[in-house]
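Topology and contacts: notes
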Amino acid sequence: MSMAGLVSSASASAPRCDHTQAWAALHGHHQAHGRSLDLREAFARDPQRFARFWLQAPELHADLSKNHWDVATQRFLLDLARECQLEARRDALLAGAPVNHTEGRAVLHTALRAPRGLGPFSAEVHAVLDEMLAFAEKVRAQAGQPYTDIVNIGIGGSDLGPAMAVTALEPFAHPGLRSHFVSNVDGHDLTATLRHLKPSSTLFIIASKTFTTQETMANAMAARAWFDAGMPAGADRSRHFVGVTTNLKAAADFGILTTFGFWDWVGGRYSLWSAIGLPIAVAIGAEGFRALLAGAHAMDQHFAQTPLEANLPVQLGLLDVWYRNFHGYSSRSVAPYHQGLKRLPAYLQQLEMESNGKSVDLQGEALPFGTSPVVWGEPGTNGQHAYFQMLHQGTDVVPVEFIAVKRPLHGLADQHQKLLANCLAQSQALMLGKTAEQAAGEHAPTASPQIDRAQLARHRSFPGNRPSTTLVMEALTPRSLGALIALYEHRVFVSGALWGINSYDQWGVELGKALCAELLPRFAMAAQQSPGALEGLDTSTAGLLQHLSA
Ligand code: F6P
């Protein structure tokens, strides 16, 4: 049996988290200590708490000390990881075992960032990478003549990763090329983008793993029509449309002559490292893209080789299980204190919720516990003036993940200090809170003189003891961004593996697609008042369809 086969069969026999002794022990621990842990007391008791929970990984550090756990919790969670054979399952993933068993596929995004000669499929991976980067450099060399605007048309994993990374790496981008991302089938997306562009200076990248996705195909066809209408007859369309896909034939049928391929073992939401990263490569250049890959690879090595105790993706994944299944926290807020990371929460929503939003285990048995939390957020400080009220005083406890970046790439040092002070102040406020007694001693400038002071103090108090993690990056660069994204990818694997689910399929998106295909012709029928338009529909859908198509 091959290495991949061996590790794959080892992981198939691994117990699900709730069938382990550690799970029962964690329940006991939660009842006895975990649920009543008070962060303020924990810090007062243990002067070493910060140092104990301060972890280093490639390109970043993590402060895990403001979380609802202690050394004993960590020990029980590590027992859980070992009982669930997490290391064997990680090795199976990295060796290319078919861990996406419902689609019979390996999951090898890590191979896309392995240095030449290392990792599975190295020859194929590096051949496409070299070709794709050479093309990106060619486009960059033609900045201004003919290209001024690059439009990526794709959705989900063919949009969110590149859009997030290009936004994050804006200071590294070619100044003569503007990047645009069109994803929504809503025609407002494409028309708003094209309104300001000229066909002669636009390069479209049609990005779709399958090259069948409704939204992408509709936008690609509309873009092609816009190009043809705006150019003289006989203009060379092939210089303005390139494809990125595993379905080379469909791209050729569309009329695209330049196509960069990838493979079925690259999941859509894990694909920014493949040719799907072309818009990133055009924006930041070949060297920048290689640095992004190198940062991710460094995190892969950390994940593969670091003992579980000091392995950051493992620790974050364990904490996710602890919060979801023992504390019952059903969402996590991500607050990057860097404007460049404004698309990170949207990217993480697909990464985490499409991966781990499952309710059956590998055998298809219904799970008796919760899986993916809702992941959401906005960059700081914007979020502070929107939903942080709920984080501080709402009835639900939401663990928050702050991302702080030490060195900005702008010259406004004073503003950067304000940004960082805000970031630390929020995690501090969540933890410390404020008692009604403390609030009663203050005089709030906008408080009504009519209201009783004790009552007002209750409005102005904070429960505190609200958990957070702070990730700290030195600077936001291609390399550190690569490491950050890989950290999240592996963390999602860890919680998914313990939950015993397939993190790499996404059957949950299929039903809506099928029903949409069934409803679409009904709109045309309803517009012609054809009697069959509403036949067999529930009355709500029928009523809405009738109203919308009248
Ligand atoms: O939403 C489902 C999904 O299949 C995602 O997993 C994927 O990233 C997206 O659609 C786009 O798919 P494609 O790249 O094939 O167009």
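See the structure shown above.
Residues numbered from 1 in each chain as written. Predicted model: local features only at pLDDT ≥ 70, side-chain atom pairs only at ≥ 80, totals over all residues. Heavy atoms only, no water.

One way to put it is that helix 20 (residues 510-527) packs onto helix 21 (residues 539-549) with a least axis distance of 9 Å and a crossing angle of 55°. Taken together, helix 20 and helix 21 sit at an angle that is classed as oblique. In the packing of helix 20 onto helix 21, the handedness of the crossing is right-handed. On helix 21, the residues that touch Leu 519, Arg 522, Phe 523, Ala 526 and Ala 527 of helix 20 are Thr 541, Leu 545, Leu 548 and Ser 549. (Axes fitted to C-alpha atoms, helices over the stretch in contact; angles between N-to-C directions. Helix = DSSP H or I, 4+ residues; strand = E, 2+ residues; numbered from the N terminus. Parallel < 35°, antiparallel > 145°, perpendicular 65-115°, else oblique. Left-handed = near helix turned anticlockwise from the far one by under 90°. Contact = heavy atoms within 4.5 Å.)

The full set close to the ligand counts 14 residues, and Gly 157, Ser 158, Ser 208, Thr 210 and Thr 213 are the nearest of them. Ser 208 is positioned with one of its side-chain polar atoms (N or O) 2.6 Å from an oxygen atom of the ligand. Residue Thr 210 places a side-chain N or O atom 2.7 Å away from an oxygen atom belonging to the ligand. Protein chains bury 86% of the 390 Å² of accessible surface belonging to the ligand in isolation. (Near = heavy atom within 4 Å. Polar contact = N/O pair within 3.5 Å; in protein donor to acceptor, adjacent residues only side chain to side chain. Areas by Shrake-Rupley, 256 points an atom, 1.4 Å probe, with all protein chains shown as cover.)

A few words on the layout of surface pockets. In this structure, the largest pocket spans a volume of roughly 960 Å³. Lining the largest pocket are 36 residues, with Thr 210, Thr 213, Gln 506, Val 509 and Lys 513 sitting closest to its centre. Broken down by secondary-structure element, the contributors of at least two residues to the lining of the largest pocket are helix 10 (214-230), helix 14 (344-356) and helix 20. Looking at the lining of the largest pocket, the element that brings in the most residues is helix 20, giving five residues. A per-class count over the lining of the largest pocket returns 12 nonpolar, 15 polar and nine charged. Each of domain 2 (120-290) and domain 3 (509-549) gives at least three residues to the lining of the largest pocket. Looking at the second largest pocket, its volume works out to about 480 Å³. Together, 21 residues line the second largest pocket, and His 338, Gln 339, Gly 340, His 410 and Leu 419 are the ones closest to its centre. (1 Å grid on protein atoms, 1.4 Å probe; cavity = no way out; pocket = protein on both sides within 12 Å on 5 of 7 lines; lining within 4 Å. Points joined across faces, edges and corners; volume = space filled by probe spheres on them. Nonpolar A, V, L, I, M, F, W, Y, C, P; charged D, E, K, R; others polar. Domains from an automatic or database assignment.)

Further remarks concern the pattern of salt bridges. Inspection of every chain in the model, using the stated rule, returns 30 salt bridges. A salt bridge links Asp 320 to Arg 332, with the shortest nitrogen-to-oxygen separation between them at 3.3 Å. Of this pair, Asp 320 sits in helix 13 (residues 312-327) while Arg 332 sits in strand 8 (residues 331-337), placing them 12 residues apart in sequence. Accessibility classification places Asp 320 together with Arg 332 in one group, the buried group. When salt bridges with common partners are traced through the structure, they connect Asp 320, Arg 332, Glu 352, Glu 401 and Arg 491 into a single cluster. (Salt bridge = Lys/Arg side-chain N within 4 Å of Asp/Glu carboxyl O. Buried < 20%, exposed > 50% of the residue type's maximum accessible area, 1.4 Å probe, protein only.)

Our focus in this paragraph is the sheet that holds strand 7 (residues 258-261). An order of 4-3-5-6-7 is seen for the five strands of this open sheet, with the pairing classed as parallel. If you trace the sheet from one side to the other, it starts and ends with strand 4 (178-182) and strand 7, each paired once. Within the sheet, the average angular offset between the axes of one strand and its neighbour, ignoring direction, is 20°. In terms of strand pairing, strand 5 (residues 202-207) meets strand 6 (residues 241-245) through four bridges, oriented parallel. (Pairing = 2+ DSSP bridges.)

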